Each structure stands twice: as C-alpha cells, then as structure tokens.
Amino acid sequence: MLQGISRRLFCSSLMAASTASVPGGSWLRNLAAAGKNDTAKVQRVILLWLHGGPATIDLWDVKTDHENGGPSREIATKTPGLKFADHFSRLANWSENCAVIRSMTTREGDHRRAVHLARTGYVPQAGIDFPDFGALVASERFSAEAALPGFVSIAPPQRPAIANSGFLGNTAAPLVVGEMAKSIDDLTVRDLEPFAAWRSHDQRRRVDLLQEMNQEFLGGKPATKATEIGSATQRALRMMHPDVLAAFDLNQETGSTRDRYGRTVFGQGCLLARRLAERDVPFIEVSLGGWDTHSDNFNRVGSLARQVDDGFASLMQDLHDRSMLDSTLILCQGEFGRTPKINANTGRDHWPRAWAVMMAGGPNCRGQIIGSTSRDGTTVETQPHSVPNLIATVCANLGIDPMKQNASNVNRPIRVADPDAQVIEELV
C-alpha cells in the first residue's frame with residue numbers, strides 16, 4: 001500500500017457519508033480534542049484581513065480635534081478613555097475584550113511589499129520564499145491526524161496577491177474558501193462533495209486504482225515525495241467525511257444568526273470562521289477588500305466598517321457564549337494606514353509611518369490603548385511597534401517560540417519572527 005494512504009480511513013469516511021445516524025460533529029470534535037495543545041493560552045487565531053490598507057485614522061485612532069480627522073466621529077465604549085469610530089456601535093460593547101495598538105510603524109508604502117511584511121514579518125528578500133504567518137501557525141499547531149487543515153483562508157483576494165505557505169511546503173498551505181468571492185454563494189470549497197452518482201464501492205475502487213497508479217509512478221521517486229502524496233491523499237479522504245462537509249455548511253445556522261453577522265461575504269465569512277474555530281482550526285482568516293481609498297474615503301470606509309462591525313461583534317458574542325473568547329485571539333488589520341492629510345479627491349493615500357491594529361479576545365486584551373500618535377496623526381509619539389513585534393506577541397500567546405528557526409528553501413535558517421522582534425508586554 002502507498003505510504004500514508006489508509007484504506008480504513010477512506011472506508012470510515014465513506015461509511016459515515018452513507019449513513020444518517022452519525023452524531024453531528026462528534027467525529028470531528030474528538031479528532032480536534034486529541035490534537036489540542038492545552039498548555040497554550042490561546043488555541044487559535046482569527047485574522048480579519050482588511051486588504052488595501054485601511055484608514056485606521058478613521059477607525060481606531062480618530063482625530064476629531066484636527067482637520068486631518070475630516071468628518072469622522074467617535075463613540076464612547078464600555079472602557080473609560082477608549083473610543084472607536086462611530087461605525088462600531090456594536091463592537092463598542094466588547095471594548096473590555098479589545099486592545100488597540102495605535103503605534104504601528106513600518107517603512108513599506110507599496111502594497112505588494114507591505115502585504116508581504118504584514119503577513120510574513122519580513123520584507124521581501126531575493127530567493128527566500130517566506131511563509132504566511134497563518135502557515136507558520138498551521139505548521140506549529142496542526143496535527144497530522146486532524147480532519148480539517150491548519151490554515152483556512154476565507155474570501156481572500158487573488159492568492160498571488162498575498163503570501164502562501166512558502167518554504168514550509170504544501171502541508172502548511174491554506175485551504176481557500178471562495179477566493180475573490182463576489183457573493184455569499186461563492187463561499188464554498190470546490191470539489192468537496194462526492195459525485196452523487198457514485199456508489200460507495202465505485203469510489204473504493206477508484207481509490208484502490210489511485211494507489212496502484214501512484215505506486216507505479218513513485219516507484220523510483222524519493223521516499224519524501226511518496227510521503228507527501230500519501231499525506232495529501234489522506235487529507236483529501238478526511239475531507240469527505242460528513243462532519244467536515246457540515247463545517248462549511250452555513251445553511252445549518254438559523255436565519256436570525258446569519259442576519260446578525262450581516263448578509264455580506266465578510267459577515268458570512270466571519271460566521272464560517274466561528275464554525276471552523278469550534279472545530280479547532282488553528283488559523284482562520286477572513287478577508288475584506290476595498291480599503292485602498294484614494295478617493296471618496298469617508299463614504300467607502302463607512303460602508304466597509306459597518307460590515308466589519310456586524311461580523312466582528314457577532315463573532316465576539318458567539319465566542320463568548322461558547323466560552324471560547326479567552327482561547328481565541330482576533331486580529332483586525334491591513335498592510336498599512338493611510339495619509340492623515342485628506343487629498344483633493346476626498347481620499348487618503350498610503351501611510352506606513354503611523355497606523356493601528358485592533359486585537360481582541362485571548363486572555364490579555366482588556367481594553368488597553370497601546371501607544372499614541374501625534375495630534376495630526378502623522379507620527380508615532382509613544383511605544384512604536386513593528387510588524388515583527390506583533391507577530392512575536394501573537395506567538396507568545398499561542399505558546400510558539402518566536403525565535404524558533406525553520407530551514408528555508410535556500411538552506412538558510414529563518415526564525416518565526418525577526419530576531420529583533422520584541423513582544424508587546426501589555427498583551428502577553
């Protein structure tokens with residue numbers, strides 16, 4: 001038998017698919033529980049990725065007393081002294097489980113380079129295929145026996161626009177749900193459903209035939225290649241199980257729950273993220289594009305932010321109700337901020353010198369405001385923080401050593417976080 005392919009696993013999935021008596025979610029949750037690292041403070045990360053570089057000066061660091069603030073307004077939250085933009089009326093009720101880092105500063109103002117830095121912790125370097133942070137988490141926290149992948153990316157922009165698994169290889173690659181999704185109906189995993197016309201023994205015969213063909217093809221190949229292909233096939237077979245199929249089925253939620261998250265791609269993506277978090281996927285991201293607001297900034301930010309408010313606040317509520325909020329860290333960020341000075345098109349341009357990140361959940365987000373910017377929003381005045389600092393801080397919460405070294409594609413050891421990174425003390 002080809003290494004890594006289990007006929008018993010296949011038969012298990014197929015038998016489960018053919019019976020209606022399987023207890024909902026039990027098989028999947030038992031597998032997840034077996035692979036859980038109970039010593040870490042945080043078990044999983046959900047990244048709300050605001051693609052295009054959001055105007056954080058109109059979200060988390062509003063300047064109402066300066067002309068650079070434009071028409072943006074603030075609202076009070078449950079935490080004294082902490083205010084959000086008035087788009088976040090629901091999220092304001094969860095401020096005691098949030099922390100705003102208002103002092104992020106980088107040098108990358110080009111989208112491609114800034115996305116690379118924000119998602120890998122490193123600036124692009126010739127020849128080195130850096131992995132996305134989600135892939136790093138997946139490689140550290142994913143169990144080979146898990147039914148679901150360690151990294152799921154929901155509604156991402158076209159994948160080459162952001163990082164991938166890099167030198168960590170295919171086992172850490174994200175499962176993509178609805179790449180460039182335009183509607184809620186696009187939030188599906190392609191080719192996950194078995195062909196209805198196939199009877200169970202037909203499918204078994206196809207798997208047996210695949211094994212025979214692979215054995216012949218891989219006869220002279222290195223053992224590692226056979227292992228990779230065997231592992232990939234085994235993961236594909238696990239994905240056929242009805243519990244896995246159910247994890248991606250938003251129709252199992254009530255109409256009122258779906259309404260609460262917002263009937264948008266982002267809102268329903270957040271709901272899907274919650275379903276995957278319940279099944280202990282270590283890293284889940286939900287993307288929302290459209291933040292590259294060189295023109296008509298305030299109307300566009302208002303529309304996008306309200307989507308974020310619905311999805312983000314509902315996610316917080318559901319994680320709290322399931323006693324999962326302290327073990328789930330939520331990051332809400334893009335690749336940089338935007339110019340405090342409003343341009344002639346009522347827009348804001350790229351501004352990496354001073355921007356903000358919202359963190360929520362976990363055991364350490366308790367209404368902190370970390371760092372500050374100048375009155376006009378152009379510079380960081382206190383506690384400057386870099387992307388590597390942010391990544392090191394998330395690693396510390398996950399129980400991952402940020403200084404661990406991985407062998408890269410050029411045989412040069414690369415640490416999980418840049419060697420100069422320092423954790424943000426208030427968040428560990």
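Refer to the structure presented above.
To keep things clear, this report deals only with the structure shown in the data block. (Residues numbered from 1 in each chain as written. Predicted model: local features only at pLDDT ≥ 70, side-chain atom pairs only at ≥ 80, totals over all residues. Heavy atoms only, no water.)

**A closer look at the pairing of strand E11 (residues 355-361)**
Now for step 1: Among the 7 residues that make up E11, 7 are buried, leaving the element largely enclosed by the rest of the structure.
Now for step 2: Here strand E4 (residues 98-104) runs beside E11; their pairing, made up of 5 bridges, is antiparallel. Its bridge partner being in E11, valine 100 is matched across the sheet by methionine 358.
Now for step 3: Bridge analysis of strand E8 (residues 328-333) against E11 gives 4 bridges, and the strand direction is antiparallel. Looking across to E11, one finds that cysteine 332 is bridged to methionine 358. (Buried < 20%, exposed > 50% of the residue type's maximum accessible area, 1.4 Å probe, protein only. Helix = DSSP H or I, 4+ residues; strand = E, 2+ residues; numbered from the N terminus. Pairing = 2+ DSSP bridges.)

**Comments concerning the sheet that holds E4**
Now for step 1: Strand order in the open sheet made by the 8 strands is E6-E5-E7-E1-E8-E11-E4-E12, with mixed pairing throughout. Two strands in the sheet have a free side with no partner beyond their single neighbour: strand E6 (175-177) and strand E12 (368-370). Neighbour to neighbour, the strand axes of the sheet diverge by 15° on average, direction disregarded.
Now for step 2: Seen against the sheet, helix H3 (residues 111-120) touches strand E1 (44-50), strand E5 (151-154), strand E7 (283-288) and E8 and runs at an angle of roughly 165° to E1. (Axes fitted to C-alpha atoms, helices over the stretch in contact; angles between N-to-C directions. Contact = heavy atoms within 4.5 Å.)

**Quick word on the pairing of E7**
Now for step 1: In terms of residue burial, E7 counts as a mostly covered element, since 6 of its 6 residues are buried.
Now for step 2: With 6 bridges joining them, E1 and E7 adopt parallel strand pairing. Paired with leucine 47 across the strands is glutamate 285, a residue of E7.
Now for step 3: Direction of pairing for E5 relative to E7: parallel, over a ladder of 4 bridges.

**A few points about the packing of helix H9 (residues 265-278) against helix H10 (residues 297-321)**
Now for step 1: The geometry of H9 relative to H10 is characterised by a closest axis approach of 8 Å and an angle of 20° between their N-to-C directions. Taken together, the axes of H9 and H10 lie roughly parallel to each other. For the pair H9 and H10, the crossing hand works out as right-handed. For the pair formed by H9 and H10, the contact residues are Phe266, Gly267, Cys270 and Arg274 on the first element and Gln307, Val308, Gly311, Phe312, Leu315, Asp318 and Leu319 on the second.
Now for step 2: Residues of the contact of H9 with H10, tallied by class, amount to 6 nonpolar, 3 polar and 2 charged. (Parallel < 35°, antiparallel > 145°, perpendicular 65-115°, else oblique. Left-handed = near helix turned anticlockwise from the far one by under 90°. Nonpolar A, V, L, I, M, F, W, Y, C, P; charged D, E, K, R; others polar.)

**What about H9?**
It helps to recall that an α-helix has 3.6 residues per turn; residues three or four apart then point in one direction.
Now for step 1: Compared with an ideal rise of 1.5 Å per residue, which puts 14 residues at 20 Å, H9 spans 20 Å between its outermost C-alpha atoms and is within 8% of the ideal.
Now for step 2: With 14 of 14 residues buried, H9 lies mostly within the body of the structure.
Now for step 3: With its phi angle positive at about 60°, aspartate 280 sits one or two positions after the end of H9. (Expected span 1.5 Å × (residues − 1).)

**A closer look at the environment of arginine 112**
Now for step 1: Tracing the sequence through the fold places arginine 112 in helix H3.
Now for step 2: On the basis of relative accessible area, arginine 112 is assigned to the exposed category, the value being 58%.

**Some points on the pattern of salt bridges**
Side-chain pairs of opposite charge can arise whenever the charged atoms involved come near each other.
Now for step 1: Under the counting rule described, the total for this entry stands at 20 salt bridges.
Now for step 2: With a closest N to O distance of 3.1 Å, arginine 90 and aspartate 310 form a salt bridge. Highlighted residues: arginine 90 in the loop between strand E3 (83-85) and E4 and aspartate 310 in helix H10, separated in sequence by 220 residues.
Now for step 3: In this structure arginine 90 comes out as partly exposed when scored by relative accessible area, which is 26%.
Now for step 4: The exposure class of aspartate 310 is partly exposed, given its relative accessible area of 27%.
Now for step 5: Connected through salt bridges with shared partners, the residues Glu253, Arg260, Arg274, Arg275, Glu278, Asp318 and Arg322 form a single ionic network. (Salt bridge = Lys/Arg side-chain N within 4 Å of Asp/Glu carboxyl O.)

**A closer look at unusual backbone geometry**
Now for step 1: Positive phi, normally seen in glycine, also occurs at aspartate 296, with a value near 50°.
Now for step 2: A residue is classified by how much of its surface remains accessible, and aspartate 296, at 35% relative accessible area, is partly exposed.
Now for step 3: Although it is not a glycine, serine 323 sits at a positive phi angle of roughly 55°.

**Description of the nonpolar core**
Now for step 1: Within the largest apolar cluster, 64 residues are counted, with the highest numbers of intra-cluster contacts made by Trp60, Ile154, Phe248, Leu276 and Phe312.
Now for step 2: Ranked by residues supplied to this core, first place goes to H10 with 9 residues.
Now for step 3: In contact with phenylalanine 248, other than residues within four places in its own chain, are Leu148, Leu175, Val177, Val189, Leu192, Met239, Leu272 and Leu276.
Now for step 4: In this structure, Trp49, Leu136, Val416 and Leu427 belong to the second largest nonpolar core, which totals 44 residues. (Core = buried A, V, L, I, M, F, W, Y, C linked by side-chain atoms within 4.5 Å.)

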